[in-house]
Amino acid sequence: SELRQLRQWVCWKLETVDGRLTKVPYTPRGTKASTTNPSTWSEFEVVAAICRDDPKRFHGIGFVFNGEYTGIDLDHHRDPATGELDAFAKEYVSRLNSYTELSQSGTGVHIIARGVIPSDTGRRDAKLGIEMYSKARFFVMTGAHLDGSPSAIEPRQSAISGLFQEFFSERKKATKP
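Per chain, residue numbering runs from 1 following the sequence as it is written. The predicted origin of the model limits local features to residues at a pLDDT of at least 70 and limits the giving and counting of side-chain atom pairs to 80 or more, whereas totals for whole chains, interfaces and linings rest on all residues. The basis for every side-chain value is the complete set of non-hydrogen atoms in the structure, without hydrogens or water.

A. Highlighting the nonpolar core. One finds Ile 72, Leu 74, Met 132 and Leu 163 to be the most contacted residues of the largest nonpolar core, which totals 22 residues. Breaking this core down by element, the ones donating at least two residues are strand 3 (60-74), helix 2 (87-96), strand 5 (109-114), strand 7 (130-141) and helix 3 (157-168). A run of H or I in DSSP becomes a helix once it reaches four residues, and a run of E becomes a strand once it reaches two; helices and strands are each numbered from the N terminus. It is helix 3 that contributes the most residues to this core, 6 residues altogether. Leave out the neighbours within four places in its chain, and Ile 72 touches Leu 96, Val 109, His 110, Ile 111, Ile 130, Glu 131, Met 132, Phe 139 and Leu 163. By size, the runner-up hydrophobic cluster in this structure holds 20 residues, among which are Trp 9, Cys 51, Ile 61 and Phe 139. Residue types Ala, Val, Leu, Ile, Met, Phe, Trp, Tyr and Cys, when buried and joined through side-chain atoms within 4.5 Å, form a set referred to as a nonpolar core. Any residue under 20% of the maximum accessible area for its type is buried, any over 50% is exposed, and the rest in between are partly exposed; the area is computed with a 1.4 Å probe on protein chains only. Only heavy atoms matter for contacts: two residues are in contact if any of them lie within 4.5 Å across the pair.

So, in structure tokens, the structure goes:
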């Protein structure tokens, strides 16, 4: 409910961009939205109504991060048949202990927490199936709350910073002799 009060919502469509299926943000009017231009974002009620009333026009809704919240995407860590999280996801859902919902694919979860990553850009490790963003990105939102996780977004700056350092700390590059 906290995020619903913010004017940081977009619609989205699945489109082929550079030969790859991509979730592209749109305004409710049907023009492309930008994750760096707040004038292209809308209120939750407007976006939700458009997506509900015209489901063939857009594939869903998304929330744009602008520096107050962090989204942590744990991909391919949930069995969609059983709903069971793997040990990796269980650990980080527990450690962050903030609002968590099922991803659109059903094979992962999104954790939303108050705080920001210690970087101007988000980071992604496809091999581990983890992404972290605090600004200039959007998450597809499902509203499918993960049972057992908090229903509120909690302040977790220390946990966010620790997780970011754990997975994305700057590693020293090997130098040639």
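Having seen the structure, we can now continue with the description.
B. Spatial organisation of unusual backbone geometry. Even without being glycine, Asp 18 reaches a positive phi, approximately 50°. Its location among the elements puts Asp 18 in the loop between strand 1 (9-17) and strand 2 (20-26). Classification of Asp 18 as exposed rests on a relative accessible area of 80%. Unusually for a residue other than glycine, Asn 97 sits at a positive phi of about 45°. Along the polypeptide, Asn 97 turns up in the loop between helix 2 and strand 4 (100-102). Taking the relative accessible area as the measure of exposure, Asn 97 reaches 36% and is therefore partly exposed.

C. Focus on the packing of aromatic side chains. Think of it this way: a Phe, Tyr or Trp ring, Trp meaning its six-membered ring, pairs with another when their centres are within 6.5 Å, and the plane angle makes it stacked under 30 degrees, edge-to-face over 60, tilted otherwise. In total, this model carries 12 aromatic pairs according to the counting rule given. Centroid distance Trp 9 to Phe 44: 4.9 Å. Interplanar angle 70°. Geometry classified as edge-to-face. Of this pair, Trp 9 sits in strand 1 while Phe 44 sits in helix 1 (residues 44-53), and the two are 35 residues apart along the sequence. Considered together, Trp 9 and Phe 44 belong to a single accessibility category, that of buried residues. A network of ring pairs unites the aromatic residues Trp 9, Phe 44, Phe 63, Phe 65, Tyr 69, Tyr 133 and Phe 139 as a single cluster. In our convention, an over-ring charge means Lys NZ or Arg CZ found within 6 Å of a ring centre and within 35 degrees of that ring's normal. Note that Lys 13 overlies the ring of Tyr 26, its terminal NZ or CZ placed 4.5 Å from the centroid.

D. Looking closely at the layout of surface pockets. A pocket here means an open set of points on a 1 Å grid, computed over the protein atoms alone, that has protein on both sides within 12 Å along at least five of seven lines. A cavity is instead a set of points where a 1.4 Å probe fits but cannot get out; residues with an atom within 4 Å of a point line either one. Grid points are joined across faces, edges and corners, and a volume is the space filled by probe spheres set on the points. Each pocket or cavity is described by its volume, and for the largest pocket that value is around 920 Å³. If you go around the largest pocket, you meet 29 residues; those closest to its centre are Arg 20, Lys 23, Asp 73, Asp 75 and Glu 131. Counting residues per element, the ones that place at least two in the lining of the largest pocket are strand 1, strand 2, strand 6 (123-125) and strand 7. Residue contributions to the lining of the largest pocket peak at 8 residues, all from strand 7. When grouped by side-chain class, the residues that make up the lining of the largest pocket number 12 nonpolar, 9 polar and 8 charged. The calculated volume of the second largest pocket comes to roughly 300 Å³. Ten residues, namely Ala, Val, Leu, Ile, Met, Phe, Trp, Tyr, Cys and Pro, are considered nonpolar, four, namely Asp, Glu, Lys and Arg, are considered charged, and the remaining ones, Gly among them, are considered polar. Tallied by class, the residues present in the lining of the second largest pocket amount to 8 nonpolar, 4 polar and 3 charged.

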